Amino acid sequence: MMSDTSAMLTTFLANIRIVMVNTTLPANIGSTARAMHTMGLSDLVVVNPKRPIDEDAYVYSAGARDILDNVTLVDSLELAIADCHWVMATSSRQRHIPKPVMTPRQASHFAIDNFLQFIQQATHNQDIHPPHTKQQATDQQSSSFLPKVALVFGREDRGLTNEELQLANFHIQIPANPAYPVLNVAAAVQVIASIWYEVAEERLLNINIKADSDLPPIQPTQPTQESDANWHSIALPQRQQWDEPAITHAQQVDLENHFLQLLQHVSLYNPSQSKMMPQRISRLFGRLQLDVKEYQLLKALLAKLK
């Protein structure tokens, strides 16, 4: 048993990244930092903000000045999520090419399951040891071996674009009034972070290095009256054990590009005629939940075929 059970919780929270895209108001960045700090999160990445982080942001951050001091600014969402293993984007509505949709609570269980499965497998292989103290947790926080999850939040006025949403493995929808399901971006961060912290505390403070396996498969949301009536349900099982780490988002995009190039090479894909093909390929590879060895095998196969 762990001598300091909060160390596992600290390690998990340290590997959650909050990504804000093209934010308009610095105050919302500050409020997001405050929301993160109250829930034990610290990794904030801001993609191409419309205005620089200013004194307003620090005022609204309250006790979370350290998060703003260490914020990472990047020019694109692709850069923000390149080293992440799972990308979850917030959206208030279903899209034409849907990705699997989860509630914040379902998403938190998914992330914790994968975290625990990695810890269990890595411990068995003696690659790493579960953190027993807060210091060990701190030492492992930036480890590239640990699975990192990105939670992506869009613009204040229009959220994320379809292209940005397609970069995610899953979409998160916060249950809300269907007549007006739109939250302020900092409020959305607070809701999701609070639920994730609650679930993580319940599961990781009473840990025996064994992931839950009784969660139901993730199901797409049901169509609404305003959406296409021709939606179909598909069960998406979660991989229960990995003998190799999951690939990062950058590796998945690399594989998608090679696959599209092969399709072009054999005349099965014309970019000017099939606009939706990249989105469908992205969804396919995201659903496969590839690990590093599988990625290397498929990339070698694509290179041979080409």
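One can find the structure itself at the top, above this paragraph.
Another point: the packing of aromatic side chains. Considering all chains together, one arrives at six aromatic pairs under this definition. Aromatic pair Phe110 and Phe170: ring centres 4.8 Å apart, planes at 65 degrees, arrangement edge-to-face. One end of the pair, Phe110, is in helix α6 (residues 104-125); the other, Phe170, is in strand β7 (residues 170-172), and 60 residues separate them in sequence. No difference in accessibility class separates Phe110 from Phe170, as the two residues are buried. Here the aromatic residues Phe12, Phe115 and Trp196 are joined through ring pairs into a cluster of three or more.

Mapped onto the elements, Pro278 comes out in helix α11 (residues 277-288). With relative accessibility at 30%, the residue Pro278 sits in the partly exposed group. Considered as a pair, Pro278 and Leu260 are 18 residues apart in the sequence and their alpha carbons are 7.3 Å apart. In this structure, Pro278 is in contact with Leu260 and Tyr269, ignoring residues within four places of it in sequence.

Moving on: the sheet that holds strand β2 (residues 43-47). With parallel pairing, the seven strands of this open sheet are ordered in space as β3-β2-β1-β6-β4-β7-β5. Two strands lie at the open edges of the sheet, namely β3 (72-74) and β5 (101-102), each paired on one side alone. Of the strand pairs in this sheet, strand β4 (residues 86-90) and β7 are connected by three bridges, and their pairing is parallel. Following the sheet pairing, Met88 is matched in β7 by Phe170. Together, β1 (16-21), β4, β6 (149-153) and β7 form the strand contacts of helix α9 (residues 185-204), whose direction differs from that of β6 by roughly 150 degrees.

Let us now look at the side chain of Arg17. Here Arg17 shows up in strand β1. Polar side-chain contacts of Arg17 include one of 2.7 Å to the backbone oxygen of Ala80. Of the polar contacts made by the side chain of Arg17, one reaches the side chain of Asp83; its length is 2.7 Å. Leave out the neighbours within four places in its chain, and Arg17 touches Asp43, Val45, Ala80, Asp83, Cys84, Lys148, Val149, Ala150 and Leu151.

Procedures and definitions
Residues numbered from 1 in each chain as written. Predicted model: local features only at pLDDT ≥ 70, side-chain atom pairs only at ≥ 80, totals over all residues. Heavy atoms only, no water. Phe/Tyr/Trp six-rings, centres within 6.5 Å; stacked < 30°, edge-to-face > 60°. Helix = DSSP H or I, 4+ residues; strand = E, 2+ residues; numbered from the N terminus. Buried < 20%, exposed > 50% of the residue type's maximum accessible area, 1.4 Å probe, protein only. Contact = heavy atoms within 4.5 Å. Pairing = 2+ DSSP bridges. Axes fitted to C-alpha atoms, helices over the stretch in contact; angles between N-to-C directions. Polar contact = N/O pair within 3.5 Å; in protein donor to acceptor, adjacent residues only side chain to side chain.

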